[in-house]
Amino acid sequence: MANNIERPLDLLNSSKGKEILVQLKNEKQVTGTLKAFDIHINIVLDNAKELHNGEVKRNVGLTFLRGDTIIFISPASTASSAT
Amino acid sequence: MANNIERPLDLLNSSKGKEILVQLKNEKQVTGTLKAFDIHINIVLDNAKELHNGEVKRNVGLTFLRGDTIIFISPASTASSAT
Amino acid sequence: MANNIERPLDLLNSSKGKEILVQLKNEKQVTGTLKAFDIHINIVLDNAKELHNGEVKRNVGLTFLRGDTIIFISPASTASSAT
Amino acid sequence: MANNIERPLDLLNSSKGKEILVQLKNEKQVTGTLKAFDIHINIVLDNAKELHNGEVKRNVGLTFLRGDTIIFISPASTASSAT
Amino acid sequence: MANNIERPLDLLNSSKGKEILVQLKNEKQVTGTLKAFDIHINIVLDNAKELHNGEVKRNVGLTFLRGDTIIFISPASTASSAT
Amino acid sequence: MANNIERPLDLLNSSKGKEILVQLKNEKQVTGTLKAFDIHINIVLDNAKELHNGEVKRNVGLTFLRGDTIIFISPASTASSAT
Amino acid sequence: MANNIERPLDLLNSSKGKEILVQLKNEKQVTGTLKAFDIHINIVLDNAKELHNGEVKRNVGLTFLRGDTIIFISPASTASSAT
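Residues numbered from 1 in each chain as written. Chains lettered and ligands numbered in written order. Predicted model: local features only at pLDDT ≥ 70, side-chain atom pairs only at ≥ 80, totals over all residues. Heavy atoms only, no water.

Some remarks on the overall build of chain A
For chain A, the helix and strand inventory stands at 1 helix and 6 strands. In terms of overall dimensions, chain A has C-alpha extents of about 35 × 30 × 20 Å along its principal axes. Per-residue burial over chain A gives 57% buried out of 83 residues. Contacts in chain A between residues at least 24 apart in sequence constitute 34% of all its contacts with a sequence separation of at least 6. About 3600 Å² of surface is accessible on chain A, with carbon and sulfur atoms providing 45% of the total. In chain A, which carries 10 positive and 9 negative side-chain charges, the distance between the mean positions of the two groups comes to 3 Å. (Helix = DSSP H or I, 4+ residues; strand = E, 2+ residues; numbered from the N terminus. Buried < 20%, exposed > 50% of the residue type's maximum accessible area, 1.4 Å probe, protein only. Contact = heavy atoms within 4.5 Å. Areas by Shrake-Rupley, 256 points an atom, 1.4 Å probe, with all protein chains shown as cover. Lys, Arg positive; Asp, Glu negative; His and termini not counted. Charge placed at Lys NZ, Arg CZ, Asp CG, Glu CD.)

Following this line, the structure appears as structure tokens:
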């Protein structure tokens, strides 16, 4: 997957339809299936869950996330816990 | 609903006239019926209620919300509490 | 009133000459009669009062409010306290 | 005075040469005579005084204030203390 | 000096080569001789001193200050302590 | 490496495919292999690890980092601990 | 050195290849040799050291610093400690 990335948005493009982890500036995380994004990094997630310290706090379903609240976005398949 | 979303604003467009949940940067939430939005994600809600930790604090009626105070927007029909 | 709103600024336009409630990012509120606004959501209020937790702290008369300090704006006629 | 205001900057224009109160985001206030302003709401005050909780802390004379530090601006003649 | 100011930047222009006081958003002040400025209010000071609560903390010599960190700028000749 | 740098982005360009250290505004660090960047300093890292005070907190795999959350970026080969 | 400065960026231009002190918004300082800068005040430093309260915390080598995290930049040769 990492081999096809020439511009940062290529990673978001190749993550459409897949589960992603979004780290927010307010210390929370949101996970869900990436449905859409734009150049402001506004994104839409399906089956979104809000987490705090790894624990699910709310199921927020289909969700529009403003790009300026995001620190990083990571396809869930490539992430793992630290040992 | 999730199948018709190609760009993030498509979700807001398909939520017009419906109840939505808005998470603000100041830790509060606002719920109400989405009447209008623009590309800055400024939105107008009808029958808006301000909540803190899930409890209604104020009924603010018809309300204009500035986009730069918003973390996420979720159609209420797709959200549910965490178990 | 809610039926004529197609774009967010329509609500501000229909509120000219009327009492509005403005929630600021610094936890305070300002009420007053809406005299003017622009696309940055800079607004001018007449007979403006600054409130904190619902209590009037200062009468500031005719007042220019910068848009980037605003969370939401609500016509006072549509708001009511939570029960 | 309030009757001639069609756009927010009209209030600043009609306040030139008059005493104004400026509320800053850092909880302080500045008063002085408005000499000039621009579309960024950068302003120049003459005989400016910095106040904290209504008490004069410093006389800063002729002063350039950056617009992005301002919450609101009010002609002093229209303001009064809350009873 | 105040009579020639039609636009805010006129004050900075007439302060070139003179001692100014710069109040920063981080509660500190910088004084020095104004050498140059641009429309972002980026400025260069010579013989700059960083102060905290009126006390010199560091001599930083010739210094480039980013405009977005500035609250206000005041020619030192026009400022005086509050009584 | 330092000799070929005429514009700041030249350093990022010459760091592609190499391990870098990214210091975030939220006091955390992220390390990983730089795959891509754009003019907003949005970057994609492969094998990214989130660190706090030098300790790995999470392996986040392939990661998109928003530029506006970054303080500095340093090729890992040129960094060393303070003695 | 101060005599050739007509615009703020002239100081950065004349500091290329020299040691500079950079004060960050997060209360830390970075020193190093200025290699490059752009109009956003993004800069590249060689042999960069991160300091806190004047003490070296980390050697970060060749480093790209985002302009929006900077308060001021000062050629090290012109700075001295307060007595």
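As for the arrangement of the chains
At the C-alpha level, the nearest point of chain A lies 19 Å from chain E, with no contact between them. Without any contact between them, chain E and chain F keep their closest C-alpha atoms 15 Å apart.

Digging into the interface of chain G and chain F
Counting from both sides, the interface comprises 25 residues of chain G and, opposite them, 29 residues of chain F. With both sides pooled, the region where chain G packs onto chain F buries about 2100 Å², and carbon together with sulfur makes up 60% of that total. For the chain G face of the interface with chain F, the top three residues by lost area are Leu62(G), Phe64(G) and Arg66(G), together amounting to 34%. At the surface where chain G touches chain F, the tally comes to 1 salt bridge. When the shortest N-O distance is used, the salt bridge between Lys25(F) and Asp68(G) registers 3.0 Å. In this assembly, chain G and chain F are joined by 9 residue pairs in polar contact (both at pLDDT 80 or more). A breakdown of the residues in the side of chain G that touches chain F according to their chemical character gives 10 nonpolar, 6 polar and 9 charged. (Buried area = accessible area lost by both parts, 1.4 Å probe. Salt bridge = Lys/Arg side-chain N within 4 Å of Asp/Glu carboxyl O. Polar contact = N/O pair within 3.5 Å; in protein donor to acceptor, adjacent residues only side chain to side chain. Nonpolar A, V, L, I, M, F, W, Y, C, P; charged D, E, K, R; others polar.)

Overview of the relation of the copies chain G and chain F
Mapping chain G onto chain F calls for a screw motion: a turn of 51° about the axis and a shift of 0.0 Å along it, with 0.0 Å RMSD after fitting. Here only 4% of the contact residues of chain G are again contact residues in chain F; the copies associate through non-equivalent surfaces. (Least-squares fit on C-alpha atoms with pLDDT ≥ 70 in both.)

Examining the relation of the copies chain F and chain A
Structural alignment of chain F on chain A gives an RMSD of 0.0 Å, achieved by rotating through 51° and translating 0.0 Å along the axis. Taken together, the interface assignments show that only 4% of the residues at the interface of chain F recur at the interface of chain A, consistent with different surfaces on the two copies.

Here we look at the interface of chain F and chain A
When the parts of a complex come together, some accessible area is lost, and that lost area is often used as the size of the interface. Each partner contributes residues to the interface: chain F has 25 residues there, and chain A has 29 residues. Both sides together, the interface formed by chain F and chain A hides about 2100 Å², and carbon and sulfur atoms give 60% of it. Scanning the region where chain F abuts chain A turns up 1 salt bridge. Counting across the interface, chain F meets chain A through 9 residue pairs in polar contact (both at pLDDT 80 or more). If you list the elements that add at least two residues to the side of chain F that touches chain A, you get strand E2 (29-37), strand E3 (43-52) and strand E4 (55-65) of chain F. Ranked by the residues each element gives to the side of chain F that touches chain A, the list is headed by E4(F), at 10 residues. In terms of residue class, the side of chain F that touches chain A is built from 10 nonpolar, 6 polar and 9 charged.

Here we look at the pattern of salt bridges
Should the charged atoms of two oppositely charged side chains come close, the side chains can pair. All chains considered together, the criterion is met by 28 salt bridges over all chains. As a salt-bridge pair, Arg58(E) and Glu50(E) come within 2.8 Å of each other at their nearest N and O atoms. The exposure class assigned to Arg58(E) is partly exposed, which follows from its relative accessible area of 21%. The buried category is assigned to Glu50(E), whose relative accessible area is 4%. Connected through shared salt-bridge partners, Lys25(A), Arg66(F) and Asp68(F) make up one network.

Side note on the confidence of the model for chain A
Detail in the predicted coordinates should be disregarded across regions flagged by low pLDDT. For chain A, the average pLDDT comes to 91, and 92% of its residues sit at 70 or higher. Across the predicted assembly, pTM comes out at 0.91 and ipTM at 0.90. (pLDDT = per-residue confidence, 0-100.)

Details of the pairing of strand E1 (residues 19-24) of chain F
All names here are of chain F. With 5 of 6 residues buried, E1 lies mostly within the body of the structure. Sheet analysis places E1 next to E2, joined by 5 bridges and oriented antiparallel. Residue pairing for E2: Glu19 is matched across the bridge by Thr33. The turn joining E1 and E2, which pair antiparallel and follow one another in sequence, is formed by 4 residues; a positive phi near 80° is taken by Glu27. (Pairing = 2+ DSSP bridges.)

Some details on the pairing of strand E1 (residues 19-24) of chain B
As a general feature of sheets, a regular strand has side chains that alternate between the two faces. Taken together, the 5 bridges between E1(B) and strand E5 (residues 70-75) of chain B define a ladder with antiparallel strand orientation. For Leu21(B), the partnering residue across the bridge sits in E5(B) and is Ser74(B).

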